[in-house]
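# Observations on chain architecture
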Amino acid sequence: MFFQKDIETMPRKQLEELQLERLKWTVDYCYKNVPFYTKKLDEAGVTPDSIKSLEDIKRIPPTTKADLRDNYPFGLFAKPMKEIVRIHASSGTTGKPTVVGYTKHDLDIWSDCMARICMAAGATSEDIVQISFGYGMFTGALGLHYGLEKIGATVIPNSSGNTEKALMYMRDFGTTALVATPSYALYMCETAKSLEYPMSDYSRLRLGLFGSEGCTPEMRTQIESGWGLFATDNYGMSELMGPGVSGECRERNGLHFNEDFFLPEIVDPDTLEARDEGEYGELLVTTLTKEGIPLLRYRTRDITKITYEPCKCGRTHARMEKVQGRSDDMLKIRGVNIFPSQIESVLIAIDQVSPHYQLVVRREGFADTLEVQVELVDSSLLDSYGKIQQLQKDIAKKIQTVLGIQCKISIVEHGTIERFVGKAKRVIDLRNVK
Ligand SMILES: [Zn+2]
């Protein structure tokens, strides 16, 4: 199903012409309205009228999250505050948050982007959708909210937090679709199973619109079988707009970019040189219509790859693979690059442990050590020392086979590892902690 079929299936040549026209507009707009970009473009010797093709984007220096922080709060805004109608901010895990502003036009486009993604995932005006993202400064909830209203779905803005109440709404209101992070969807399912109501009370739930954190195929299978729904993934980040940058269609063979609004590139995270189609690298995104806070070649730090092959669904817009990890989350342990998602894949394939886990990295002497804390599904196993020891050995061996590193496995009781409503914090890096 399509929200804007003409655009979503536009022939690529025409789409690229539209992108070029909008890229020229964006570079000119940044140059004239954001002193940060005037300086940056001048230093790189790029004048707006020297952008003649999409290839010319490579001459523009990238923008980083640090640039947003250095210009906190409104330094990169291209419009005066009287034209900004909404502000969001991303949670600052270190230092100041990054702040973004939207004009009315930006909000319209945001809801169009979301409407496309929700319909591509299979949502319709018949759906009753529960939004279990936290409302507030985080872009996730309001992004989905307006997109779903735009397609005529019924939105339940229950937010996150009180899981039992969310489950009550789900049963009583006949919720058909759920918006949440994958880990929270799994936690909700666990909680539902622990209550006195049969799972058949949730049988109208048929669609999951998940995002905001990674989800391995194994975790997706668990969510789907637990809830009996069809899970889809969508992608975005507050700096670029929020969710709505890309999303899966029913083929689930990559996430379609909204390419008329966002121009993606894949580059080597170290050298920033372009990678070929189908090669993994860091995703850079240039906004093509944004007025509040336009960004040129924003470094997402997300590692993925892109294909421009046509999709069976009929959409012509490029598809990115699910994010493999973050270039700055990538853990380097004793010289080996690992992503938490790789460990997650190993854990999910082991029946006795739950998909909730935490990685603790330490430095002992000059060597890095990795501890993987995993939770048992059935805590009674803890009574048998022999069985626990065997399980620890098995997991350590599997991780060594897949990742080529040794690690210590700590097995904990079910429910011990903290559940996260937003992005799960999987890695505790203590290497620089004295
Ligand atoms: Zn498709």
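Bear in mind that the values here come from a model prediction, so they are computed numbers and not experimental data.

### What about a negative patch on the surface?
A cluster of like negative charges, contributed by Asp276, Glu277, Glu279 and Glu309, occupies part of the molecular surface. Relative to the elements of secondary structure, Glu277 occurs in the loop between strand E10 (262-267) and strand E11 (281-287).

### Regarding the coordination of the zinc ion
All of the protein donors around the zinc ion are Cys249 (SG), His256 (NE2), Cys311 (SG) and Cys313 (SG); their distances to the metal are 2.1 to 2.3 Å. Bound by four donor atoms, the zinc ion shows angles of 104 to 114° at the metal and therefore tetrahedral coordination geometry. Read in sequence order, the donor residues for the zinc ion give the motif C-x6-H-x54-C-x1-C. What makes Cys311 buried here is its relative accessible area of 10%.

### Remarks on the side chain of Gln19
Note that Gln19 resides in helix H2 (residues 12-33). The exposure class of Gln19 is buried, given its relative accessible area of 2%. Beyond its immediate stretch of four places on either side in the chain, Gln19 contacts Leu54, Glu259, Phe262, Leu263 and Leu288.

### Side note on the domain arrangement of the chain
When the domains of the chain are assigned, the result is domain 1 (1-324) and domain 2 (331-429). Put simply, the middle of domain 1 and the middle of domain 2, counted by C-alpha atoms, are 30 Å apart. Residue-level contacts link 15 residues of domain 1 with 15 residues of domain 2. Both sides of the domain 1 and domain 2 interface together cover about 1,400 Å² of buried area, and 59% of this is carbon and sulfur. Considering only the surface of domain 1 that becomes buried against domain 2, Glu190, Thr216 and Glu218 emerge as the three largest contributors, covering 28% of it. Inspection of the domain 1/domain 2 interface yields zero residue pairs in polar contact (both at pLDDT 80 or more).

### Quick notes on the pairing of strand E3 (residues 128-131)
The side chains of a regular strand alternate between both faces of the sheet. Neither face of E3 is open: one carries Ile128 and Gln130, the other Val129 and Ile131, and all of them are buried. Bridging between E3 and strand E4 (residues 154-156) involves three bridges; their strand directions are parallel. Across the sheet, Val129 pairs through a bridge with Val155, a residue of E4. Here E3 pairs with strand E5 (residues 177-180) via three bridges, running parallel. Looking at E5, one finds that Ile131 is bridged to Val179.

### What about the sheet that holds strand E19 (residues 367-376)?
Sheet architecture is open: four strands sit in the order E20-E19-E18-E21, paired in mixed fashion. Bordering the open sheet on either side are strand E20 (408-412) and strand E21 (427-429), each of which pairs with just one other strand. Pairwise comparison of adjacent strand axes, ignoring direction, gives a mean angle of 20° for this sheet. Most of the contacts of helix H11 (residues 385-403) go to E20, to which it runs at about 135°, and overall it touches strand E18 (353-364), E19 and E20.

### Quick look at the packing of helix H5 (residues 104-121) against helix H6 (residues 139-150)
Interhelical geometry of H5 versus H6 gives an angle of 75° and a closest axis separation of 7 Å. On the basis of their axis angle, the class for H5 and H6 is roughly perpendicular. From H5, Asp108, Trp110, Ser111, Asp112, Met114, Ala115 and Cys118 reach across to H6, where they touch Thr139, Gly143, Leu144, Tyr146, Gly147, Leu148 and Lys150. In the contact of H5 with H6, the residues fall into seven nonpolar, four polar and three charged.

### Considering the packing of aromatic side chains
The description of an aromatic ring pair rests on the distance of the ring centres and on the angle between the ring planes. Applying the stated criterion across every chain, the model contains eight aromatic pairs. Taken together, a centroid distance of 4.9 Å and an interplanar angle of 10° make the contact between Tyr102 and Trp110 stacked. Here Tyr102 and Trp110 have matching classes, each one buried. Just above the ring of Phe230 sits the side chain of Arg250; from NZ or CZ to the centre is 3.8 Å. Against the face of Tyr102 rests Lys290, its NZ or CZ located 5.8 Å from the ring centre.

What counts, and where the lines are drawn
- Residues numbered from 1 in each chain as written.
- Predicted model: local features only at pLDDT ≥ 70, side-chain atom pairs only at ≥ 80, totals over all residues.
- Heavy atoms only, no water.
- Patch = residues over 30% accessible without salt bridge, like charges linked within 9 Å, V, L, I, M, F, W, Y side chains within 5 Å.
- Areas by Shrake-Rupley, 256 points an atom, 1.4 Å probe, with all protein chains shown as cover.
- Salt bridge = Lys/Arg side-chain N within 4 Å of Asp/Glu carboxyl O.
- Lys, Arg positive; Asp, Glu negative; His and termini not counted.
- Charge placed at Lys NZ, Arg CZ, Asp CG, Glu CD.
- Helix = DSSP H or I, 4+ residues; strand = E, 2+ residues; numbered from the N terminus.
- Donors = N, O, S within 2.8 Å, 3.2 Å for Na, K, Ca; no water.
- Tetrahedral: all angles 85-135°; square planar, octahedral: opposite > 155°, others 65-115°.
- Buried < 20%, exposed > 50% of the residue type's maximum accessible area, 1.4 Å probe, protein only.
- Contact = heavy atoms within 4.5 Å.
- Domains from an automatic or database assignment.
- Buried area = accessible area lost by both parts, 1.4 Å probe.
- Polar contact = N/O pair within 3.5 Å; in protein donor to acceptor, adjacent residues only side chain to side chain.
- Pairing = 2+ DSSP bridges.
- Axes fitted to C-alpha atoms, helices over the stretch in contact; angles between N-to-C directions.
- Parallel < 35°, antiparallel > 145°, perpendicular 65-115°, else oblique.
- Nonpolar A, V, L, I, M, F, W, Y, C, P; charged D, E, K, R; others polar.
- Phe/Tyr/Trp six-rings, centres within 6.5 Å; stacked < 30°, edge-to-face > 60°.
- Lys NZ or Arg CZ within 6 Å of the ring centre and 35° of its normal.

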